[in-house]
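Secondary and tertiary structure notes
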Amino acid sequence: MDAVGRKNFVGNAIYGEIEAVYSESLAGKITGMLIEENVVDFNSLLTDQGYFNMKAREAYNLLM
């Protein structure tokens with residue numbers, strides 16, 4: 001899978017969970033921030049709930 005395909009896969013996998021916590025109006029922005037960030041570990045986003053929550057919260061805080 002190429003980089004674009006990987007980003008799409010991860011984005012689709014995490015969007016629903018982000019939307020459930022942060023609202024539909026912010027879910028796209030937060031998801032985009034996470035998949036465009038070079039230092040985010042995609043594997044950990046998908047497998048480590050604590051890491052996922054921390055990164056989503058960081059993105060949310062940047063938006064606020």
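Values in this document were obtained by computation on a predicted structure and should not be read as measured data.

**A closer look at the side chain of Thr31**
- The topology assignment puts Thr31 in helix α2 (residues 24-36).
- When its relative accessible area of 6% is taken as the criterion, Thr31 is described as buried.

**A closer look at the side chain of Lys55**
- Within the secondary structure, Lys55 sits in helix α4 (residues 49-63).
- Beyond its immediate stretch of four places on either side in the chain, Lys55 contacts Leu34, Val40 and Leu45.

**Focus: the packing of helix α1 (residues 3-22) against α4**
- Axis separation between α1 and α4 bottoms out at 12 Å; the angle between their running directions is 60°. Relative to α4, the element α1 is oriented oblique. In this structure, α1 meets α4 at a crossing whose hand is right-handed. Seen from α1, the contacting residues are Ile14, Glu17, Ile18 and Tyr22; seen from α4, they are Gln49, Phe52, Asn53, Ala56, Arg57 and Tyr60.
- Split into classes, the residues belonging to the contact of α1 with α4 amount to 6 nonpolar, 2 polar and 2 charged.

About the criteria used
Along every chain, residues carry numbers that run from 1 in the direction the sequence is written. Reporting of local features is limited, given that this is a predicted model, to residues whose pLDDT is at least 70; pairs of side-chain atoms are given and counted only at 80 or more, and all residues count toward the totals for whole chains, interfaces and linings. Side-chain metrics in this entry use all non-hydrogen atoms of the structure; hydrogen atoms and water are not considered. Secondary structure follows DSSP: runs of H or I at least 4 residues long count as helices, runs of E at least 2 residues long count as strands, and numbering of each begins at the N terminus. Categorising residues by exposure relies on relative accessible area from a 1.4 Å probe, with only protein chains included: less than 20% of the type maximum marks a residue as buried, more than 50% marks it as exposed, and the intermediate range marks it as partly exposed. Throughout, a contact is declared for two residues whenever any of their heavy atoms are within 4.5 Å. Only the contacting stretch of a helix is used when fitting its axis, a line to C-alpha atoms as for every element, and angles between N-to-C directions run 0 to 180 degrees. The cut-offs work like this: below 35 degrees is roughly parallel, past 145 is roughly antiparallel, 65 to 115 is roughly perpendicular, and the gaps in between are oblique. The sense of a crossing depends on the near helix, which, turned anticlockwise from the far helix by less than a right angle, makes the crossing left-handed and, turned clockwise, makes it right-handed. For this classification, the nonpolar set comprises Ala, Val, Leu, Ile, Met, Phe, Trp, Tyr, Cys and Pro, the charged set comprises Asp, Glu, Lys and Arg, and every other residue, Gly included, is treated as polar.

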